[in-house]
Amino acid sequence: MTNMDSSEPGSLDQVKHVVLVLSGKGGVGKSTITTELALALRHSGHKVGILDVDLCGPSIPRMLSVGKPEVHQCDAGWVPVYADPQQQLALMSIGFLMEDPDEAVVWRGPKKTALIGQFVSDVAWGELDVLLVDTPPGTSDEHLAVLENLRKHKVDGAVLVTTPQAVSTGDVRREITFCKKTDVKILGIVENMSGFVCPHCSECSNIFSKGGGEELAKLTGSVFLGSVPLDPLLTASLEEGRDFLQAFPQSSTYTAISDIAKTLLSSLES
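Since this is a predicted model, take the numbers as computed values, not measurements.

Rules used in this analysis
Residue numbers restart at each chain and count upward from 1, following the sequence in its written direction. Thresholds applied to this predicted model are a pLDDT of at least 70 for local features of residues and 80 or more for the giving and counting of side-chain atom pairs; totals over whole chains, interfaces and linings are not thresholded and use all residues. Only heavy atoms go into the side-chain values, all of them from the structure, while hydrogens and water stay out. Under the scheme used here, helices are H or I runs from DSSP no shorter than 4 residues and strands are E runs no shorter than 2 residues, and both carry numbers assigned from the N terminus. UniProt positions are given in the numbering used here, feature names are shortened, and annotations may be inferred rather than shown by experiment. Here a cavity denotes grid points, spaced 1 Å and computed from the protein atoms alone, that fit a 1.4 Å probe unable to get out, and a pocket denotes an open set having protein on both sides within 12 Å along at least 5 of 7 lines; residues with an atom within 4 Å of a point are the lining. Burial classes: relative accessible area under 20% of the type maximum marks a residue as buried, over 50% as exposed, and values in between as partly exposed (1.4 Å probe, protein chains only). Whether two aromatic rings pair depends on their centres lying within 6.5 Å, for rings of Phe, Tyr and Trp, where Trp uses its six-membered ring; planes under 30 degrees apart make the pair stacked, over 60 edge-to-face, and the rest tilted. Grid points are joined across faces, edges and corners, and a volume is the space filled by probe spheres set on the points. When residue character is reported, Ala, Val, Leu, Ile, Met, Phe, Trp, Tyr, Cys and Pro are called nonpolar, Asp, Glu, Lys and Arg charged, and the others, Gly included, polar. What is meant by a nonpolar core is a set of buried Ala, Val, Leu, Ile, Met, Phe, Trp, Tyr and Cys residues, joined one to another through side-chain atoms within 4.5 Å. By the convention used here, residues are in contact when the closest approach between their heavy atoms is within 4.5 Å. An arc is given here, and it is the one of the directions from the helix axis to the C-beta atoms. Polar contacts, as counted here, are pairs of nitrogen or oxygen atoms within 3.5 Å of one another; within protein the pair requires one atom able to donate a hydrogen and one able to accept it, and residues that are adjacent in sequence qualify only if both atoms are side-chain atoms. Every case where a carboxyl oxygen of Asp or Glu lies within 4 Å of a side-chain nitrogen of Lys or Arg is listed as a salt bridge. Pairing between two strands is assigned when DSSP locates at least 2 bridges connecting them.

A. View of unusual backbone geometry. In this structure, Gln-87 takes a positive phi of about 55 degrees despite not being glycine. One can find Gln-87 in the loop between strand S5 (81–82) and strand S6 (89–93). Not every positive phi belongs to a glycine, and Met-193 is a case in point at roughly 60 degrees. Topologically, Met-193 is positioned in strand S9 (residues 186–197).

As structure tokens, then:
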């Protein structure tokens, strides 16, 4: 793959909304929330893209069961990989560029920054209603590179993902500070792994704690988008690359994810 000519038209010119998915902590389920939000938006009739810039842990290709296809180029840049036959859900990830899926990305900051720059400017997304950008944990080079490269385009804001525990919300509080320092609007907070849904009786038990995300939203004056429980059916679907929302439309987890997507979309369109 080669760098595209800088005279090429901007690859985000036809993208209506750009949303970052952030968290100050790893393991809170940013990729899960990104994937399920994308599926929920697609099911509601929207064209969606996912830009996976979690360079050291690109898990979304597996979650969407797209494997490792060859990435092609057209005049406008790299052609994204589509996760559905209707080409309503587009994806670009470093996972497509690695020769060996078990290979570690041992890169210094400048190389990561250069690839993120290419990902932002050289992917031919075409017309999209929403582009979700899945980021690594923290407030590091990758985040600054994403923001610097997106500055020429409109960034609507960020969705912050946390789990209920204080140790997680504390890290997300730092992410809120990062957003304020970099002038990124906080579109809302999602509390993931909020209780455990029993696969037999569907009762939800608070095995960690509950309400940390909502409390954090109140303390920081942010919108609380909603809670997503720890659901074995969702976990299995992500592991197998199946569309959870299509398979389990009667579940409370389906309702939670759909409501978050609707609230986010309303915020973007208002």
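B. Geometry of the UniProt feature "binding site: ATP" (unreviewed entry) in the protein. The UniProt entry lists Gly-24, Lys-25, Gly-26, Gly-27, Val-28, Gly-29, Lys-30 and Ser-31 under the feature "binding site: ATP" (unreviewed entry), expressed in the numbering used here. As for the lining of the largest pocket, the annotated residues named previously contribute Gly-26, Gly-27, Val-28, Gly-29, Lys-30 and Ser-31. Locating Gly-24 in the fold gives a position in the loop between strand S1 (15–22) and helix H1 (30–43). By relative accessible area, which is 25% here, Gly-24 ends up partly exposed.

C. Spatial organisation of the packing of aromatic side chains. Under the definition given, this model contains two aromatic pairs. For the ring pair Trp-78 and Phe-119, a centre distance of 5.7 Å and an interplane angle of 85 degrees mean the geometry is edge-to-face. Here the residue Trp-78 occupies a position in strand S4 (residues 77–78), and Phe-119 occupies one in helix H3 (residues 109–121), the gap between them amounting to 41 residues. The pair formed by Trp-78 and Phe-119 is uniform in burial state, with each residue classed as buried. Seen in terms of ring centroids, Phe-244 and Phe-248 are 5.4 Å apart; in terms of plane orientation they differ by 35 degrees. Their pairing is tilted. On the accessibility criterion, Phe-244 (0% relative accessible area) is buried.

D. Looking closely at the layout of surface pockets. In this structure, the largest pocket occupies an estimated 390 Å³ of space. The leading source of residues in the lining of the largest pocket is helix H7 (residues 232–240), at four residues. Taken together, the residues that form the lining of the largest pocket break down as eight nonpolar, nine polar and five charged.

E. Structural view of the nonpolar core. Residues Leu-20, Leu-51, Met-92, Trp-125 and Leu-160 are the most contacted members of the largest nonpolar core, which totals 75 residues. The residues touching Leu-160, leaving out its near neighbours within four places in the chain, are Leu-22, Val-172, Glu-175, Ile-176, Cys-179, Ile-186, Gly-188, Ile-189 and Val-190.

F. Inspection of H7 at higher detail. Taken as a whole, H7 has its buried residues at Leu-234, Ser-237 and Leu-238. All buried residues of H7 lie within an arc of 95 degrees about the axis, which places them on one face of the element. Contact partners of the buried residues in H7: H1, helix H2 (60–63), strand S11 (224–230), helix H8 (244–247) and helix H9 (252–269). The residue sitting at the N-terminus of H7 and contributing the capping side-chain oxygen is Asp-231; that oxygen lies 2.9 Å from the backbone nitrogen of Leu-233.

G. Region of the structure containing the pattern of salt bridges. A complete count under the given rule lists six salt bridges for this structure. Among the ionic pairs, Arg-42 bridges to Asp-84, the shortest N-O distance being 3.6 Å. Here Arg-42, found in helix H1, pairs with Asp-84, found in the loop between S5 and S6; they are 42 residues apart in sequence, far enough to count as distant. Across the pair Lys-154 and Asp-156 runs a salt bridge, and its minimum N-O distance is 2.9 Å. One network of salt bridges, with partners in common, ties together Arg-42, Asp-84 and Asp-243.

H. Representation of the pairing of S9 within the structure. With 11 of 12 residues buried, S9 is to be regarded as a mostly interior element. Bridge analysis of strand S8 (residues 157–162) against S9 gives five bridges, and the strand direction is parallel. The residue bridging Val-159 from the neighbouring strand is Gly-188, located in S9. For S9 and S11, the ladder comprises five bridges, and the chain directions are parallel.

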